Amino acid sequence: MHQPPSRSGSLGSPSREPMMDRPLASETWEQALRAHRAERWAESFALAEKATAEARAAAPASSGPLAGASSPRIREAVALAARNLFHLDRRRDFRSLVDRAHGQGLVPDPAPELEVVELSFACKRGEYADVVREASAYISAHREELRPVLADYLLLRGLAHTRLGNPRQALEDAEAAHALFRLLERDRESGRAANLMGLQHLRAAGFAEAERWFRRALDVHTRLGAAKNAGGNRLNLAIILGKRGRFTEAANELTAARQLLEEAGAHVSLCRARLAQGQVRLVKGDVESATESLQTAFKAAGELKLVREEALALEFLGDVALAEGRVEHARRYFSRALSIGRTIAPEGDVVMEVLRRQGVCLAAQGREIEALPVLSRSLGLARRLGEVFEEGVILRIMAETQLALGDADAAVADADRAAEILDGIGADYELGVARLVQARAVLVRLDARGGTPEALETAWHRALSALDLLLRTEIEERIRDARQLLAEISRRRNAPPSVESSSTAGPAQPVIVHASPAMRDALQLCDAFADSDEPVLVTGPTGTGKELIARRLHERSRRHAKPLVCVNVSAIPDGIFAREFFGHVRGAYSGADGGGSGLAAAADGGTLFLDEIGDLPLEQQPQLLRLLQDGTFQSIGDPSERRVDIRLVAATNADLQEMVAAGRFRADLYYRLKILELRLLPLRDRIQDLQPLLRHFLGEATGRPVRLSEYFSASSLDLMEHYEWPGNAREVAMVARQAHVQLLSRGNVRVEVGATPDSTLVLSGPRSEVPDQVRLSRGAGDRNTILRVLAEAQGNRAEAARLLGVSRSTLYRRLEKLGIGAKTSAC
């Protein structure tokens, strides 16, 4: 608290005016004001101090006419000196000035003109809640008096409300301050209030209205020659242009802003300009330059003790790390930013933005289930804060996350809502990205369960709109994404309708559930191969979906209306293979009372799928090669040659190249089959597909969409991520069927999977009273699993061994091998 002014000496005489009310020499005062308006803060401070000293040295007015009531007084010079010290960021000198002014009776007590400067310093330090409390106390006490300083308190409280995420209160204060400043003809401050109103409309994504207020503020400050304020206005205009996707214009405004701010020596605003510049450069793909800008801003924020700007710099440096694929580095940046953000405003915009970015990191690590709750919290904050732009961006990211989980319906819903919001506010770049997600979501839903031609047309128009929007932004990476997606949809639009057989109502298209980039790439390659008549060799472990790929190849080819004949080569005994495959005529062998056309003839005009081609008898391979090369074959007992038009698709889980080297498969047939090759990865190498597959098979069993938490505990789902899944999708289907039956029959789930003692999982749910058990495997999760179970067992190794389902000696050996200390305890 300030000490009351001294009343000794001349101040005690009723015939003399108080020291604070002594008039200033007009010439020195006018020079101080002109220097302040020109933002020559140091010069203005020195002149204000000089004016004060001159007035104090002058003889006090004890008789005769006093200076006019409107003449400037010592207390006004002290207030001007204080404002200059704020602009110079000299808080220690400001505190000395306050103490001296009170001690010498140069200001009243209380002195609101000095206290509002003190609150301005607090706002700069990020103490927004304190600013709102102190400013509100003054405003409530003096609202009816309409003192000139009331406008300063309103403006300051509005700025603090903005940072705390209270948009309605912030806008009310900004409007009131703007009106008062105009009434008082304080043009510079009315320009600041107009800038604050622009910030409120910017937050609510009223971009056109925000731009109008920022330009009004810019006109005022340009007219006054206020370079610092004009630079701040240009900075805010750049932020609007960036949110609208006009990045080149934003970059130009930022260059102009930095020139003005450097001219004014406005270090705080320069720090903010560098932050915005880093963001724009990163979006445009200039990672090196973006990093330089952001690191400079981070250093400046630390030196100036700007906690909010420090948090933002960490946030944006995390974006750089994420763009470079350094997800763990990004998460560390975001965690630091979140810690700072929560000290500023626990539910403010910094916290909201960082939570969104943390959700993106989790999804990038394949932890989509963990990402969704984090994104939901961010979405809730965005809605509470009225951050419409952020709401649209978060919904788009949630849609991408739902797609990765294979939930196409939820993805479509979130992407549609995101696009609706972003379209409504004119955020072209983010709208273009959301349109891409909309199109992809429609395609995934079509792949999962089919759909009408209208759905494909919807995807086409969404992708076309995305390309149009993104071309305006000049962001090449996104433009390439849009063109590639359009090319895929265009090919699918031009393909004939998919029908498995010549019947008018064929079976539904097979479901290929996927979320991983690897399977998406395989399907895109599959679709690219569909129109060719060349043979296709599909390779991959058992249970990876080779037959589904073959069906997709057929259904998307020009042969879709003709038969698809599927043959499991290993299921046909060697002795009758030629007869079954190529057919026979009557009397060709004993008991052949009638002719048989064979599988090759049955596939005429369509597609012949040979599964397990590696099991084809060596003596039959030349006949298959002839069929591939010439389209001809001979039935058993028929001397004449027959001709068919077929497209061959072959599949195997064997290494044909190794079989060729061993003499068990013909090299000429191998190279003829290998013209077009599709390789399907095992599930362990595309683990993003696991939970979508599990959800799909459970949905098939129940006849409705399901949540995995209805069947399995969270720890079981986590353990699944580290299991090898040797049976691939077939093993997942087995787990789903067993889980469904067990839940129906006994109300809980306990499924054992794994072929060997060293890789067995026990999966339980939906709620486990004891931790899930897992036998130690060779996977990457072993160490984390052991540490987690040891923590649950509070370091008791015998209990940990029991929970892990192994003997204590086995656990001890593994602990020693992994280098885990003997006294591991709960975390």
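All of these numbers come straight from a predicted model, not from anything done at the bench. (Residues numbered from 1 in each chain as written. Predicted model: local features only at pLDDT ≥ 70, side-chain atom pairs only at ≥ 80, totals over all residues. Heavy atoms only, no water.)

**Notes on the sheet that holds strand β7 (residues 676-679)**
Strand pairing in a sheet is mediated by backbone hydrogen bonds. Such pairs are either parallel or antiparallel.
Okay, so step 1: Read across the sheet, five strands follow the order β2-β3-β6-β1-β7 without closing on themselves; strand pairing throughout is parallel. Strand pairing shows two members of the sheet lacking a second neighbour, β2 (564-568) and β7, which therefore form its edges. The sheet shows a mean angle of 15° between the axes of neighbouring strands, direction not considered.
Okay, so step 2: Bridging between strand β1 (residues 536-539) and β7 involves four bridges; their strand directions are parallel. Note that in β7 the partner of valine 536 across the bridge is leucine 676.
Okay, so step 3: Sitting on the sheet, helix α24 (residues 517-529) touches β1, β6 (647-652) and β7, and the angle it makes with β7 is about 160°. (Pairing = 2+ DSSP bridges. Helix = DSSP H or I, 4+ residues; strand = E, 2+ residues; numbered from the N terminus. Axes fitted to C-alpha atoms, helices over the stretch in contact; angles between N-to-C directions. Contact = heavy atoms within 4.5 Å.)

**Remarks on helix α12 (residues 247-264)**
Okay, so step 1: Taking 1.5 Å as the rise per residue, α12 with 18 residues should run 26 Å; its terminal C-alpha atoms sit 25 Å apart, in good agreement.
Okay, so step 2: Considered for burial, the residues of α12 that qualify are Phe247, Ala250, Glu253, Leu254, Ala257, Arg258, Leu261 and Ala264. End-on, the buried residues of α12 take up no more than an arc of 145°, which puts them together on one face. Residues of α12 that are exposed and point more than 90 degrees away from the buried face comprise Asn252, Gln259 and Glu263.
Okay, so step 3: Taken from the residues just after α12, glycine 265 is the one with a positive phi, measuring 65°. (Expected span 1.5 Å × (residues − 1). Buried < 20%, exposed > 50% of the residue type's maximum accessible area, 1.4 Å probe, protein only. Arc of directions from axis to C-beta.)

**Things to note about the nonpolar core**
Okay, so step 1: The biggest cluster of nonpolar side chains holds 125 residues, and the ones touching the most others in it are Val78, Tyr153, Phe207 and Phe389.
Okay, so step 2: In terms of residues, this core owes the most to one element, helix α7 (residues 149-164), which gives nine residues.
Okay, so step 3: In contact with tyrosine 153, not counting residues within four places along its chain, are Pro112, Glu115, Val116, Leu119, Ala135, Tyr138 and Ile139.
Okay, so step 4: By size, the runner-up hydrophobic cluster in this structure holds 35 residues, among which are Ala266, Ala273, Ala439 and Ile479. (Core = buried A, V, L, I, M, F, W, Y, C linked by side-chain atoms within 4.5 Å.)

**Some details on the pairing of strand β8 (residues 749-753)**
Okay, so step 1: On β8, burial follows the alternation: Val749, Val751 and Val753 on one face are buried, whereas Arg750 and Glu752 on the facing-out side are not.
Okay, so step 2: Both β8 and strand β9 (residues 761-765) contribute to a ladder of five bridges, which runs antiparallel. The partner of valine 751 across the bridge, within β9, is leucine 763.

**A look at helix α8 (residues 167-183)**
Within an α-helix, residues lying three or four positions from one another point in the same direction, as the helix has 3.6 residues per turn.
Okay, so step 1: Relative to the 24 Å expected for 17 residues at 1.5 Å per residue, α8 spans 24 Å between its end C-alpha atoms, a close match to the ideal helical length.
Okay, so step 2: Burial in α8 covers these residues: Ala170, Asp173, Ala174, Ala177, His178, Leu180 and Phe181.

**A short note on unusual backbone geometry**
Okay, so step 1: For the bond from aspartate 109 to proline 110, the omega torsion is 5°, close enough to zero to count as cis.
Okay, so step 2: Tracing the backbone shows proline 110 in the loop between α4 (91-103) and α5 (112-124).
Okay, so step 3: Positive phi is not limited to glycine here, since glutamate 185 has a value of about 60°.
Okay, so step 4: Residue class for glutamate 185 comes out exposed when judged on its relative accessible area of 66%.
Okay, so step 5: Phi at asparagine 728 takes a positive value of approximately 55°, unusual for a residue other than glycine.
Okay, so step 6: Structurally, asparagine 728 can be placed in helix α33 (residues 728-746).

**Let's talk about the side chain of serine 716**
Okay, so step 1: Mapped onto the fold, serine 716 is located in helix α32 (residues 714-720).
Okay, so step 2: At a separation of 3.0 Å, a polar atom in the side chain of serine 716 contacts the main-chain amide nitrogen of serine 764. (Polar contact = N/O pair within 3.5 Å; in protein donor to acceptor, adjacent residues only side chain to side chain.)

**Some thoughts on the environment of threonine 473**
Okay, so step 1: Here threonine 473 is to be found in helix α22 (residues 453-473).
Okay, so step 2: Taking C-alpha positions, threonine 473 is 7.9 Å from aspartate 428, a pair spaced 45 residues apart along the chain.

**Observations concerning the pattern of salt bridges**
Charged atoms that come close allow side chains of opposite charge to pair.
Okay, so step 1: One pass over the full model with this rule turns up 50 salt bridges.
Okay, so step 2: The salt bridge involving arginine 223 is made with aspartate 187; its shortest N-O contact spans 3.7 Å. In this pair, arginine 223 is assigned in helix α10 (residues 207-224) and aspartate 187 in helix α9 (residues 187-203), connecting sequence segments 36 residues apart.
Okay, so step 3: Residue arginine 223 is classed as exposed on the basis of its relative accessible area of 56%.
Okay, so step 4: Between glutamate 547 and arginine 551 there is a salt bridge, and its shortest N-O distance comes to 3.2 Å. One end of the pair is glutamate 547 and the other is arginine 551, both in helix α25 (residues 546-555) and four residues apart, which spans about a single turn.
Okay, so step 5: On the basis of relative accessibility, which here comes to 36%, the residue glutamate 547 falls in the partly exposed class.
Okay, so step 6: Arginine 551 sits in the buried class, given a relative accessible area of 19%. (Salt bridge = Lys/Arg side-chain N within 4 Å of Asp/Glu carboxyl O.)

**Points about the packing of aromatic side chains**
Okay, so step 1: Using the criterion set out here, one finds nine aromatic pairs in the structure.
Okay, so step 2: Judged by centre distance (5.2 Å) and plane angle (80°), the ring pair of phenylalanine 86 and phenylalanine 121 falls under edge-to-face. Remark: phenylalanine 121 occurs in helix α5 and phenylalanine 86 occurs in helix α3 (residues 74-87); sequence separation between them is 35 residues.
Okay, so step 3: Through successive ring pairs, a cluster of aromatic residues spans Phe86, Phe94 and Phe121. (Phe/Tyr/Trp six-rings, centres within 6.5 Å; stacked < 30°, edge-to-face > 60°.)

**A word on the packing of α24 against α25**
Okay, so step 1: As a packed pair, α24 and α25 sit with axes 8 Å apart at the nearest point and diverge in direction by 40°. The angle between α24 and α25 places the two elements in the oblique class. As α24 runs across α25, the sense of the crossing is right-handed. On α25, the residues touching Leu523, Cys526, Asp527 and Phe529 of α24 are Ile549, Arg552 and Leu553.
Okay, so step 2: Here the residues of the contact of α24 with α25 are counted per class, giving five nonpolar, no polar and two charged. (Parallel < 35°, antiparallel > 145°, perpendicular 65-115°, else oblique. Left-handed = near helix turned anticlockwise from the far one by under 90°. Nonpolar A, V, L, I, M, F, W, Y, C, P; charged D, E, K, R; others polar.)

**Points about the environment of glutamine 742**
Okay, so step 1: Looking at the secondary structure, you find glutamine 742 in helix α33.
Okay, so step 2: Classification of glutamine 742 as buried rests on a relative accessible area of 14%.
Okay, so step 3: With 31 residues separating them in the primary sequence, glutamine 742 and tyrosine 711 have C-alpha atoms 9.5 Å apart.
Okay, so step 4: Apart from residues no more than four positions distant in its own chain, glutamine 742 is found in contact with Gly747, Asn748, Val749, Arg750 and Val751.

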